[in-house]
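Read off the chains here:
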Amino acid sequence: MAAQNLQSVPAELTPEEDAAGQAHFDRIIAEDSRIEPRDWMPAAYRKTLLRQISQHAHSEIIGMQPEANWITRAPSLKRKAILMAKVQDEAGHGLYLYSAAETLGQTRDKMMDDLIAGKARYSSIFNYPALSWADMGAIGWLVDGAAICNQVPLCRASYGPYGRAMVRICKEESFHQRQGFEILLELSNGTPEQKQMAQDAVNRWYAPALMMFGPPDDDSPNSKQSMAWNIKRFSNDELRSRFVGMMVEQVRVLGLTLPDDQVRFNEDTKKWEHGPLDWHEFQEVLAGRGPCNAQRLERRRAAHDDGAWVREAAAAYAAKQSAKQQKEYAA
Amino acid sequence: MSTHTEGHGDISTGVAGGDSNASATRITPGNALRPEDIALEVKTGLVKPSEDVAEYALRLGDDALILAQRLGHWISRAPELEEDIALGNIALDQLGHARSFLTYAGAGMLKEDGTAKSEDDLAYFRREHEFRSVQLFEQPNGDFAATIARQFVVSYYQYELYRRLTDSTDATLAAIAAKAVKEVDYHRDHSSQWILRLAGGTEESRTRMIHGLRLMWPYVGELFRDDELTQRLAEAGAAVAPSSLREDFDRLTAEVLAEAELEVPDVPAAPGGGRQGKHSEHLGYILAEMQVLAREHPGASW
């Protein structure tokens, strides 16, 4: 297995080796260069990355569900094709990210088990329901838009496999965001019912999308260390403010409005500001009490369990084939 | 034209001007024929199918559309992430073929205002009895083995059909088939590999594979049934007589089944009738789901 060769779970090292490893690591971080899987790294760095990358992978996989919900009902064949391709891209993103996480010493099976057992987190945004076709537009425009703001800086993350996975993911995400924008634009210029559908979707997804950047800076305990390690480059509030500025411009082109009358550009701080967000709701959804938490996990569990016999069959077949080849080789 | 597929895996046979490096999963600009290209040709009057060809394109388009709809349901529900992607790819390929065939069919079926019907007019605003797909394509996904069994039959059938259609005297049908045959060849590879894995995996997977094949096999016969339309078109060189595909289909599927140590299912054939608009109970539900939103907003564009 390639992942096993890359794994750098440390064997017992002497204190001298640890000290040398730490010095090497510190130098790489100071030079803003990249840590690779075989390099020495602090246990906490490994743990932080593993948590972040696996959560990101899980978000891609769970995030397939709200959009898959509309594949069979997409209102035109062209939109159906675009949506199918998008959800398929998300499965692909999940795969690269699980692979990147595997280089830190965790198997994909274990990560999947943790997800299904409810032990691992994924982005809370996917615990909101996709109720209308316009949600395919709002998810693309707002949710993927917020994801891009978060993820573009991650292309420079200090851990090599993560940064490289993010480069490819960001390219596809920006394509998805444009598709979402285009769906909303078409609806906004359509019938009054279609325009209403678009506005309703923007109203529902706006605040949850802003909360995707995480809690306010003074309430985000892990951010500081992640920034020191060159994993995170900008604070939650900084990214959120940038995102609001982008949306303000784009929503005008759409001919829709943001459901926030307190959005403004602060001339003193040179930053975009927005109205208050319901952080209690955020904590509730995070704690498992969102509209779709149970549904999303159950769907993932059902797909995993229903497919167990297929995975067992594939493994058994592969083992038989390999035994047969070895026998032929020996003969 | 070569009328005989030599063996499993000879992807370039009969594909004139094909690009053996083309991927079914990637857009190949300048090479691939897109439904939008056909729509443009229809609009500018460059192509117009005969009434017979339009009806024939409708049949093939409906087959691919209904299968794409079925396969689309698997995305986010597959046994492995790799299969979410693979089944999604196959669904996308089928949807692409459907869009091309339906766009071309619509050019021969005018609306009241005299303009051509679009792919969406045909997909979203026809009723069950107006669909011309054969009944195999609407069979339920069932478990993964049933889906693989359906895909196995479909991919070997479509491969033989499209390979021959590349020589059609109708240039548009030939062009659609030339793109489709390369993609369908990957579908053959995917389904035959899974047949081998599931048949040779565990006792459970083998039982399920045998059951899946038995579920789908009653609908095999209908694929190869000639009628007046296909006879007329085959004589003119525009289409392929379905019965002429049977020998290669039987031989090649039997090879895979033999390798998997499976029997060709011995089950009674269903009467079929999809080409005349007679469908199973399943199609109504497929259409209800597929068409609901478009029909709530007639005349809207998306």
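Calculation rules
- Residues numbered from 1 in each chain as written.
- Chains lettered and ligands numbered in written order.
- Predicted model: local features only at pLDDT ≥ 70, side-chain atom pairs only at ≥ 80, totals over all residues.
- Heavy atoms only, no water.
- Helix = DSSP H or I, 4+ residues; strand = E, 2+ residues; numbered from the N terminus.
- Rg over C-alpha atoms; globule rule 2.2 N^0.38 Å.
- Buried < 20%, exposed > 50% of the residue type's maximum accessible area, 1.4 Å probe, protein only.
- Contact = heavy atoms within 4.5 Å.
- Areas by Shrake-Rupley, 256 points an atom, 1.4 Å probe, with all protein chains shown as cover.
- Axes fitted to C-alpha atoms, helices over the stretch in contact; angles between N-to-C directions.
- Parallel < 35°, antiparallel > 145°, perpendicular 65-115°, else oblique.
- Nonpolar A, V, L, I, M, F, W, Y, C, P; charged D, E, K, R; others polar.
- pLDDT = per-residue confidence, 0-100.
- Buried area = accessible area lost by both parts, 1.4 Å probe.
- Salt bridge = Lys/Arg side-chain N within 4 Å of Asp/Glu carboxyl O.
- Expected span 1.5 Å × (residues − 1).
- Bend = angle between axes of the 7 residues up to and from the residue.
- Core = buried A, V, L, I, M, F, W, Y, C linked by side-chain atoms within 4.5 Å.

Colleague: Which parts of the structure should I look at to understand the overall build of chain A?
Modeller: Across its full length, chain A carries 14 helices and two strands. Scaling as 2.2 N^0.38, a compact globule of 331 residues should have a C-alpha radius of gyration of about 20 Å, and chain A matches this with 22 Å. Across its three principal axes, chain A shows a C-alpha extent of roughly 75 × 50 × 35 Å. By residue count, 53% of the 331 residues in chain A fall in the buried class. When contacts within chain A are restricted to residue pairs at least 6 apart in sequence, long-range pairs at least 24 apart make up 77% of them. Surface accessibility of chain A: about 15,300 Å² in total, with carbon and sulfur atoms responsible for 53%.

Colleague: Looking at this structure, I do not really get the packing of helix 6 (residues 171-200) of chain B against helix 7 (residues 203-216) of chain B. What am I missing?
Modeller: Packed helices, taken two at a time, are described by their axes: the angle between them and the distance between them. All names here are of chain B. Running from amino to carboxyl end, helix 6 crosses helix 7 at an angle of 130°, the nearest separation of the two axes being 6 Å. When the interaxial angle is binned, helix 6 and helix 7 end up oblique. Across the interface between the two elements, I195, R197, L198 and A199 of helix 6 pack against S205, R206, M209 and L213 of helix 7. Split into classes, the residues belonging to the contact of helix 6 with helix 7 amount to five nonpolar, one polar and two charged.

Colleague: Is there a simple way to explain the confidence of the model for chain B in this structure?
Modeller: One rule of thumb: low pLDDT means the predicted coordinates there are not for detailed reading. Residue and element names in this part refer to chain B. Of the residues in chain B, 89% reach a pLDDT of 70 or more, and the chain-wide mean stands at 91. In this model, residues 9-30 is a region of pLDDT below 50 whose contacts with residues beyond four sequence positions or in other chains number 25 contacts. Both scores are given for the predicted complex: the pTM is 0.92, the ipTM 0.92.

Colleague: Looking at this model, I keep getting lost on the environment of L161 of chain B. Mind explaining?
Modeller: Residues and elements named next belong to chain B. With respect to the helices and strands, the residue L161 is situated in helix 5 (residues 144-165). Measuring from C-alpha to C-alpha, the distance between L161 and T253 comes to 15 Å, with 92 residues separating the pair along the chain. In contact with L161, other than residues within four places in its own chain, are Y56, L60, V240 and L245.

Colleague: Honestly, the interface of chain A and chain B in this entry has me stumped. Any pointers?
Modeller: It is common to give the size of an interface as the accessible area lost on bringing the parts into contact. At the junction of the two partners, chain A supplies 44 residues and chain B supplies 49 residues. With both sides pooled, the region where chain A packs onto chain B buries about 4,000 Å², and carbon together with sulfur makes up 66% of that total. Sorting the residues of chain A by area buried against chain B places L77, Q88 and W309 of chain A first, and these three jointly supply 20% of that buried surface. Here chain A is connected to chain B by two salt bridges.

Colleague: It is not clear to me how helix 11 (residues 282-296) of chain B should be interpreted in this structure. Could you clarify?
Modeller: Each α-helix winds once per 3.6 residues, and so residues spaced three or four apart point in a common direction. Over its 15 residues, helix 11 of chain B runs 22 Å from end to end, which matches the ideal 21 Å to within 8%, given 1.5 Å per residue. A bend of about 40° at M290 of chain B is the largest found in helix 11 of chain B. Within the span of helix 11 of chain B, buried status applies to L283, I286, L287, M290, Q291, L293 and A294 of chain B. Contacts from the buried residues of helix 11 of chain B go to helix 5 (77-102) of chain A together with helix 2 (51-72) and helix 4 (119-124) of chain B.

Colleague: Looking at this structure, I do not really get the nonpolar core. What am I missing?
Modeller: Generally speaking, soluble globular proteins have nonpolar side chains that are buried together. In terms of nonpolar packing, the biggest core is built from 186 residues, with W133 and W141 of chain A together with Y56 and I195 of chain B touching the most fellow members. Looking at this core element by element, the count peaks at 14 residues for helix 5 of chain B. Excluding its chain neighbours within four sequence positions, the residues that come into contact with I195 of chain B are I148, F152, M209, L213, V256, L257, A260 and L262 of chain B.

Colleague: Looking at this model, I keep getting lost on the environment of I139 of chain A. Mind explaining?
Modeller: All names here are of chain A. Residue position: I139 is located in helix 7 (residues 134-151). Here I139 falls in the buried class, since its relative accessible area comes to 3%. Residues I139 and V202, 63 residues apart in the sequence, show an inter-C-alpha distance of 8.7 Å. Beyond its immediate stretch of four places on either side in the chain, I139 contacts P66, E67, K86, A130, D144 and W205.

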